[in-house]
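# Structural description and commentary
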Amino acid sequence: MSKRSLVPIVYIIFLMLPIYWLVNMSFKTTNEIINRFSLYPHEFTLASYRTIFTDPSWYGAYINSITYVALNTVLSVALALPAAYAFSRYRFLGDKHLFFWLLSNRMAPPAVFVLPFIQLYSSVGLFDTHIAVAFAHMLFNIPLAVWILEGFMSGVPKELDETAYVDGYSFPKFFVKIFIPTISAGIGVAAFFCFMFSWVEMLLAKNLTSVAAKPIVAAMTKTSSASGYELGLLAAAGVLTLIPGAIVVYFVRNYIAKGFALGRV
Amino acid sequence: MNKTFNNKAWWMVLPVFLVVAFNALVPLMTVVNYSVQETFGNNEFFWSGTIWFQQLLDNDQIRASLGRQIAFTAVVLAIQVPLGLAIALCMPRKGPWVSVCLVLMALPLLVPWNVVGSMWNIMALPDIGLLGKTINALGIHYNYTRDPVAAWFTVILMDVWHWTSLVVLLCYAGLVSIPDAYYQAAKIDGARPWAVFRYIQLPKLKHVLTIAILLRFMDSFMIYTEVIVLTGGGPGSATKFLSIDLVQKALGGFDLGPAAAFSIVYFLIILLTSWLFYTLMMRNEAN
Amino acid sequence: MAKITIDNLRHSYLPEPKRDEDFALKRVHLDWADGGAYALLGPSGCGKTTLLNLISGLLHPTEGRILFDGRDVSNETPEHRNIAQVFQFPVIYDTMTVYDNLAFPLRNRKVDEAEIRKRVTAIAEMLELTATLSKRASGLTADGKQKISLGRGLVRSDVNVIMFDEPLTVIDPHLKWQLRSKLKELQHRIRRTMIYVTHDQTEALTFADQVVVMNNGEVVQTGTPIELFEKPKHIFVGHFIGSPGMNVMPCEVKGGKAFVNGHAVAADNAASSDGSSRLELGVRPEFVTFADKGLPVDVVKVSDIGRYRVVDTRLGGNSVKLIVPEGGAIPEGKAHLAFDKAHTQIYSDGWLVGEAR
């Protein structure tokens, strides 16, 4: 192994350190956390995890998060598909402006939208629902999905569409049976990024919910008072939030390079 | 691709347009509305013109937040972009280790932002955190909840941990797309590794580097959750960046007018800078 | 400049090759003289790019040796072999001017600036790039960029061999012949050993003094363009070269005479054949004519190419094509064909009968 490969290795070790520390903390008792500094749990305990799996306010929070993230991903990709197709195959009145306007929403600071969103979603009676968060996240995710999908679709020549029509396919049949399988990698990449941005976001998710749809990101911040007895619990909750992300990354590992290569993150 | 002109394509775009418009236009109109009105309570509003915007320009607090934000973004860009590029250059182009590396490097990007904050919160605790304890053991007095310098150091280190991988992945994808023939020709021409970097790799990475800088600029300028969980904006206001300031004002008090004016200016700053980058990027591509 | 010897070269891309199919190059043995123009011709996947990369040092051979002027260079890097290579698509340094591009290999070898200026201007003049010397290389057209790639190989005085890997692939068709002629002219002028890899027979036959035809990792025939045309040693060469390719039909040999579908045909090497194994008769359309008596055929189709016409006929189950020059008469329906004896050959299992392989 050359000296050069040392660099990525050191970097990865650096990346793993906080994760290791979090896992370490999650298995310690409160006593140990407050009273000593140790690199591994001397008093190993599963108490924190037990709390999370048995207390509905905790595991319910995870379910809430997964719910709105899944909702958001499916809806964003589903709506983005026809729009991306339109952008890739047609020119129409205002197309360039529409595209840029869509992209500009990716650049919007969530902080600007917090208060207006609270008012907006309350006024339509959607406050504290999964739909509210899913919809709010669509502000950023739909432009992203359209951008990524358009990139992949532009790589598929129009001749494919024309051949299908000549062969007698109707547009819906062509889209579902022929086109979508062709860009399946693109759909995977778009879904991955939608999942990612929705899963990690906290500001909107926390402020658009209160009890019924409270996500894990909000449930955790209530314990971030850093007083000793909450730290183990906090760490365990944190470790559990890493798992969906790790699973998703593992599944799309072959497409990571390709998705970034399109340069459309 | 030869695109045909067809206005019926609007039907395909309509759902997307409606959802995004609902989420974007309605709130923005509300914000604009508030920014030019004043209220004395009881839901009664009066036209107040540009008074909030003028106040904004004079407001020391907001100026300070802006200054901190610019400093933060500058430092973070200066570290993450060269570092990410350097790491990408050191990664193998092919082989079994590549996907392992990529997966591990992508993990920080998928951690919920509040967990990122919590992670580093715990790491940096002076007595019981890995980082905190180590630094103090080296003899440096370190407490990020009391000392602004320590707080800045921790916040920046956290952001580097969180986002450098994005730059690495982008640059890596760009590097891998350079055809072998360029490296072969350079070998035949007798070029040294530095010349290969300067004349082949760097020019071909212009596109991805622009995207990396654009994304990192935008996202670091909007940073909120990680910092709020780590330091709460403190000690004092040492790490109060623009988003934190705005949310405090918008959700904290009844000053809807000033908060709204703040929002608009904030959004405009990002929009303008991003538009500049975007045009630069498009012009590069056209070349 | 160097004499190049390929000594029993075999190459596989797999780490542990066992059977013949694992080898991209099955066995190549060639001798090339100094200063000549050579072509490696063959279809995609025949191993010609592999052979090229082995010669230039970008690949390390699995078995066998490569010698430059008798010196074994098999283990040397491309830099030390002093070769130059032009790739399928133009490889230039985008941020540099044309002048700096051409000067780059010399600067890396610490040649002094006055000498660099002399050589670069000379080469630029040869390649008709003088007008663009101060422009940025990325602004040139595809053929201009390929010229720069070529130029970087020519500026170095110590180059042993210049290799071309399908260099006209991205060039516009109407510029292809221009660049081709330029290459040929250059080769004559500076007399450096040049090896040109291509799947296009026109490029190979017009550029090279000697053509090596490859198929499936092996050398099928080496010879001048004329030799390859007039006396193909293998049916593959007959098919691949010439447009349309050689007519091939099954035949029998009895008593030193060849018979196709029961009709006697005069063949050049019929006497050497022993009548065993699979026998085929090969004759190029250029050497087939209509006659009053001879092989009876049905005229099926006439294609007008411009200066001549290609006539498709059927002889029993075989298709026989012939070329009729402008103004020549073409009978309809039934006709007779005559084959030029000197250019009609018998092939056994694909190989020319009576010749050493």
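Figured I'd write up the structure that's included with this text. (Residues numbered from 1 in each chain as written. Chains lettered and ligands numbered in written order. Predicted model: local features only at pLDDT ≥ 70, side-chain atom pairs only at ≥ 80, totals over all residues. Heavy atoms only, no water.)

### Describing the overall build of chain A
Counting secondary structure elements, chain A contains 14 helices and one strand. Based on the C-alpha atoms only, the size of chain A along its principal axes is roughly 75 × 60 × 30 Å. Residues counted as buried form 57% of the 265 residues belonging to chain A. Once local pairs closer than 6 in sequence are excluded, the contacts in chain A between residues at least 24 apart make up 74%. Surface summary for chain A: the accessible area is close to 10800 Å², and the carbon and sulfur share equals 68%. (Helix = DSSP H or I, 4+ residues; strand = E, 2+ residues; numbered from the N terminus. Buried < 20%, exposed > 50% of the residue type's maximum accessible area, 1.4 Å probe, protein only. Contact = heavy atoms within 4.5 Å. Areas by Shrake-Rupley, 256 points an atom, 1.4 Å probe, with all protein chains shown as cover.)

### Considerations on the sheet that holds strand β13 (residues 257–260) of chain C
Two strands in a sheet stick together by hydrogen bonds in their backbones, pointing the same way (parallel) or opposite ways (antiparallel). All names here are of chain C. What the three strands build is an open sheet, ordered β12-β13-β14; its pairing is antiparallel. Each having just a single partner strand, β12 (252–254) and β14 (263–265) make up the two edges of the open sheet. Adjacent strand axes in the sheet meet at a mean angle of 40° when their direction is disregarded. Sheet analysis places β13 next to β14, joined by three bridges and oriented antiparallel. The partner of Ala-258 across the bridge, within β14, is Val-265. (Pairing = 2+ DSSP bridges. Axes fitted to C-alpha atoms, helices over the stretch in contact; angles between N-to-C directions.)

### Quick word on the side chain of Lys-240 of chain B
All names here are of chain B. Looking at the secondary structure, you find Lys-240 in the loop between α11 (225–230) and α12 (242–252). One buried charged residue, Lys-240, forms no salt bridge at all, with the nearest opposite charge on Asp-245 at 4.1 Å. Beyond its immediate stretch of four places on either side in the chain, Lys-240 contacts Gln-61, Ser-65, Arg-68, Gly-233, Asp-245 and Gln-248. (Lys, Arg positive; Asp, Glu negative; His and termini not counted. Salt bridge = Lys/Arg side-chain N within 4 Å of Asp/Glu carboxyl O.)

### Structural notes on the nonpolar core
Among the nonpolar cores identified, the biggest contains 201 residues, and Phe-117 and Val-146 of chain A together with Met-119, Trp-120 and Tyr-266 of chain B are the most heavily contacted of them. Those residues within four positions of Trp-120 of chain B in sequence are excluded, and the remaining contacts are Phe-14 and Pro-18 of chain A together with Leu-131, Leu-157, Met-158, Trp-161 and Leu-230 of chain B. (Core = buried A, V, L, I, M, F, W, Y, C linked by side-chain atoms within 4.5 Å.)

### Considering the pairing of strand β20 (residues 334–339) of chain C
Residues and elements named next belong to chain C. Of the two faces of β20, only one is covered, namely that formed by Ala-335, Leu-337 and Phe-339; the face formed by Lys-334, His-336 and Ala-338 stays uncovered. Pairing geometry for strand β16 (residues 288–291) and β20, over four bridges, is antiparallel. Directly across from Val-288, in β20, lies its bridge partner Phe-339. Looking at chain direction, strand β17 (residues 295–304) and β20 are connected through four bridges and run antiparallel. Note on β20: the bridge partner recorded for Val-297 is Ala-335.

### Description of the interface of chain A and chain B
Contacts between the two partners involve 97 residues from chain A and, on the opposite side, 88 residues from chain B. With both chains or domains summed, chain A and chain B bury close to 8500 Å², and 81% of this area falls on carbon and sulfur atoms. On the surface where chain A and chain B come into contact, there are one salt bridge. Close ionic contact of Arg-106 of chain A with Asp-219 of chain B constitutes a salt bridge, the shortest N to O distance being 3.4 Å. Summed over the shared surface of chain A and chain B, the number is 16 residue pairs in polar contact (both at pLDDT 80 or more). For the side of chain A that touches chain B, the element with the highest residue contribution is helix α1 (residues 6–26) of chain A, accounting for 14 residues. Bridge count between strand β1 (residues 90–91) of chain A and strand β1 (residues 4–5) of chain B: two bridges; the pairing is parallel. Paired with Tyr-90 of chain A across the strands is Thr-4 of chain B, a residue of β1 of chain B. (Buried area = accessible area lost by both parts, 1.4 Å probe. Polar contact = N/O pair within 3.5 Å; in protein donor to acceptor, adjacent residues only side chain to side chain.)

### Examining the interface of chain C and chain B
Listed as interface residues are 22 residues of chain C and, on the opposing side, 17 residues of chain B. Summed over the shared surface of chain C and chain B, the number is two salt bridges. In this structure, Lys-204 of chain B and Asp-94 of chain C form a salt bridge, with 3.0 Å as the shortest nitrogen-oxygen distance. Counting across the interface, chain C meets chain B through eight residue pairs in polar contact (both at pLDDT 80 or more). Mapped onto the side of chain C that touches chain B, the elements with two or more residues apiece are α2 (78–81), β6 (83–86) and α3 (98–108) of chain C.

Everything listed here is a matter of coordinates, which is why it stays silent on function.
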